[in-house]
Amino acid sequence: MDSRTVGILGGGQLGRMIVEAANRLNIKTVILDAENSPAKQITNSNEHVNGSFSNPLDIEKLAGKCDVLTIEIEHVDVPTLKNLQVKHPKLKIYPSPETIGLIQDKYIQKEHLIKNGIAVTKSVPVEQPSETSLLKVGNDFGFPFVLKSRTLAYDGRGNFVVKNKDTISEALEALKNRPLYAEKWAPFTKELAVMIVRSVDGLVFSYPIVETIHKDNICDLCYAPARVPDSVQLKAKLLAENAIKSFPGCGIFGVEMFYLETGELLINEIAPRPHNSGHYTIDACVTSQFEAHLRSILDLPMPKNFTSFSTITTNAIMLNVLGDKQTKDKELETCKRALATPGSSVYLYGKESKPNRKVGHINIISSSMDECEQRLNYITGRTDIPIK
Ligand code: ADP
Ligand code: MG
């Protein structure tokens with residue numbers, strides 16, 4: 001489909017699913033990450049770089065092997081990418097290093113969004129973390145508030161909910177030695193998310209608005225479409241599109257939002273890459289988020305509605321498969337139940353099972369959300385009556 005080679009910084013499950021989409025289009029991919037990482041296990045080349053996406057020399061080595069560089073994780077070394085852009089003007093880097101830089105520090109991301117008139121949760125930097133400075137935050141924002149690491153955070157690792165003044169010392173200990181900011185509590189009724197893909201010439205295509213449900217700060221379920229009125233979906237889509245239009249460059253973006261009791265919508269955070277809340281697109285949409293990303297960064301056709309549900313009546317639930325907390329690999333029992341359920345597809349990432357680690361996901365699709373839920377109930381063991 002395209003003779004150019006795509007280099008991916010990061011070889012986790014997102015990289016693996018980009019590779020799956022690339023394989024179908026016969027696009028060559030080369031990965032930078034540890035040996036035998038999930039993406040490397042299934043690629044159509046053996047020229048990978050063993051190393052780290054935060055190491056300048058490793059990134060340069062990868063760049064020497066490809067025509068287009070992309071990421072599956074935002075915690076990469078941005079100055080190296082910016083240097084490469086100057087040194088090798090023919091090498092395309094998407095998303096643009098400038099965008100990755102604006103997003104990878106969550107507080108800089110907030111400042112950027114505010115500057116562009118986008119509604120976000122109120123936050124302040126915490127430059128000198130101490131009992132006194134956090135007590136002041138508590139007095140200004142009220143309790144609870146959320147203390148967050150500005151960088152390198154994922155799956156809630158990097159966040160601490162400061163319930164009251166007695167939990168301040170625990171928060172300081174949990175996030176010590178990390179650059180911090182504090183966020184006002186968002187009293188949300190639902191968390192919404194949307195994938196948005198941007199073409200090289202700046203056109204923006206939105207996937208359906210979905211609803212994410214978190215357990216222990218990790219995404220557990222994703223309902224597509226979100227169970228909110230059409231008017232709220234439209235408002236969320238416009239907010240997210242405006243946010244994405246404020247960042248330079250093309251590629252796919254995941255936008256997380258809070259839908260408040262008041263009806264207000266706020267952006268929580270943005271990811272400049274495929275996102276967990278977009279995994280349902282593999283089975284439910286005309287084009288998956290992973291293929292959409294490739295089409296975007298390779299400037300391949302992106303026709304009207306290519307991000308829509310496959311049929312008007314598609315409903316989907318995505319369930320993350322996490323490593324069982326007690327017994328290694330026990331989560332595979334859930335996957336087996338999914339294999340026995342109509343309309344369900346299992347994705348395993350080739351990662352070792354560890355407690356609460358994301359090791360796979362299950363997509364359930366049907367023409368009705370009630371049926372998706374019945375199937376989910378069987379898969380998760382809430383009912384033992386198999387679905388016909
Ligand atoms: P991560 O990088 O782990 O996704 P997030 O900042 O998105 O970090 O936080 C993870 C989850 O914690 C959110 O999806 C939401 O459920 C909860 N959360 C984060 N910030 C707030 C907030 N300001 N108010 C209420 N809940 C929050
Ligand atoms: Mg998040």
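Residues numbered from 1 in each chain as written. Chains lettered and ligands numbered in written order. Predicted model: local features only at pLDDT ≥ 70, side-chain atom pairs only at ≥ 80, totals over all residues. Heavy atoms only, no water.

Draft legend 1. Spotlight on the coordination of the magnesium ion (ligand 2). Each protein donor to the magnesium ion (ligand 2) is listed here as Glu256 (OE), Glu256 (OE) and Glu269 (OE); together their distances run 1.9 to 2.6 Å. Remark: Glu269 occurs in strand β15 (residues 265–271) and Glu256 occurs in strand β14 (residues 251–260); sequence separation between them is 13 residues. For Glu256, a relative accessible area of 14% corresponds to the buried category. (Donors = N, O, S within 2.8 Å, 3.2 Å for Na, K, Ca; no water. Helix = DSSP H or I, 4+ residues; strand = E, 2+ residues; numbered from the N terminus. Buried < 20%, exposed > 50% of the residue type's maximum accessible area, 1.4 Å probe, protein only.)

Draft legend 2. Structural view of the packing of helix α4 (residues 97–104) against helix α5 (residues 106–115). Here α4 crosses α5 at 105 degrees, and the two axes come no closer than 5 Å. The angle between α4 and α5 places the two elements in the roughly perpendicular class. Residues Gly101, Leu102, Ile103 and Gln104 of α4 form the contact with α5, whose participating residues are Lys106, Ile108, Gln109 and His112. Class assignment of the residues belonging to the contact of α4 with α5 gives a composition of 3 nonpolar, 4 polar and 1 charged. (Axes fitted to C-alpha atoms, helices over the stretch in contact; angles between N-to-C directions. Parallel < 35°, antiparallel > 145°, perpendicular 65-115°, else oblique. Contact = heavy atoms within 4.5 Å. Nonpolar A, V, L, I, M, F, W, Y, C, P; charged D, E, K, R; others polar.)

Draft legend 3. Spatial organisation of the site of ligand 1. Around ligand 1 sit 20 residues, and of these Lys148, Gly156, Ala186, Glu191 and Glu269 come closest. In this structure, an oxygen atom belonging to ligand 1 sits 3.0 Å away from a side-chain N or O atom of Lys106. Contacts to ligand 1 include Glu191, whose side-chain N or O atom sits 2.6 Å from an oxygen atom. Of all the secondary-structure elements, those providing two or more residues to the shell around ligand 1 are β7 (145–149), β9 (180–184), β10 (188–198), β14 and β15. (Near = heavy atom within 4 Å. Polar contact = N/O pair within 3.5 Å; in protein donor to acceptor, adjacent residues only side chain to side chain.)

Draft legend 4. Summary view of the state of the cysteines. Enumeration according to the criterion identifies 0 disulfides in this entry. Among the cysteines around Cys66, which has no disulfide bond, Cys250 carries the closest sulfur, lying 15 Å off. For Cys66, a relative accessible area of 10% corresponds to the buried category. Lacking any disulfide linkage, Cys219 is separated from the closest cysteine sulfur, that of Cys222, by 6.0 Å. Given a relative accessible area of 7%, Cys219 falls into the buried group. (Disulfide = S-S within 2.5 Å.)

Draft legend 5. Representation of the pairing of strand β4 (residues 68–71). Taking every second residue as pointing to the same face, both faces of β4 are buried, with Val68 and Thr70 on one and Leu69 and Ile71 on the other. With 4 bridges connecting them, strand β1 (residues 5–9) and β4 associate as parallel partners. Paired with Leu9 across the strands is Ile71, a residue of β4. When β4 meets strand β5 (residues 92–93), the two strands line up parallel, connected through 2 bridges. For Leu69, the partnering residue across the bridge sits in β5 and is Ile93. Regarding the hand of the β-α-β motif, the stretch spanning β4, helix α3 (residues 78–87) and β5 is right-handed. (Pairing = 2+ DSSP bridges. Right-handed = clockwise from strand over helix to strand, strands pointing away.)

Draft legend 6. Layout of the confidence of the model for the protein. When pLDDT is averaged along the protein, the result is 96; 100% of the residues meet or exceed 70. For this predicted complex, the interface score ipTM comes out at 0.99, alongside a pTM of 0.97. (pLDDT = per-residue confidence, 0-100.)

Draft legend 7. Summary view of the environment of Gln109. Among the secondary structure elements, Gln109 is positioned in helix α5. The spacing of Gln109 and Asn46 is 63 residues in sequence and 36 Å in space, taken between C-alpha atoms. Those residues in contact with Gln109 that lie beyond four places of it in its chain are Leu102, Ile103, Glu269 and Ile270.

Draft legend 8. Structural view of the sheet that holds β5. Across the sheet, 5 strands lie side by side as β3-β2-β1-β4-β5; this open sheet has parallel pairing. Bordering the open sheet on either side are β3 (49–50) and β5, each of which pairs with just one other strand. As paired strands, β1 and strand β2 (residues 28–33) are joined by 5 bridges and run parallel to one another. Each residue of the ladder has a partner; that of Ile8, found in β2, is Ile31.

Draft legend 9. Representation of the sheet that holds β7 within the structure. Taken in spatial order, the 4 strands make up an open sheet running β6-β9-β7-β8, and their pairing is antiparallel. Of all strands in the sheet, those with a lone pairing partner are β6 (123–126) and β8 (159–162), marking the two edges. The average undirected angle you get between the axes of adjacent strands in this sheet is 25 degrees. Across 4 bridges, β6 lies against β9 in antiparallel orientation. Each residue of the ladder has a partner; that of Ser123, found in β9, is Glu183.

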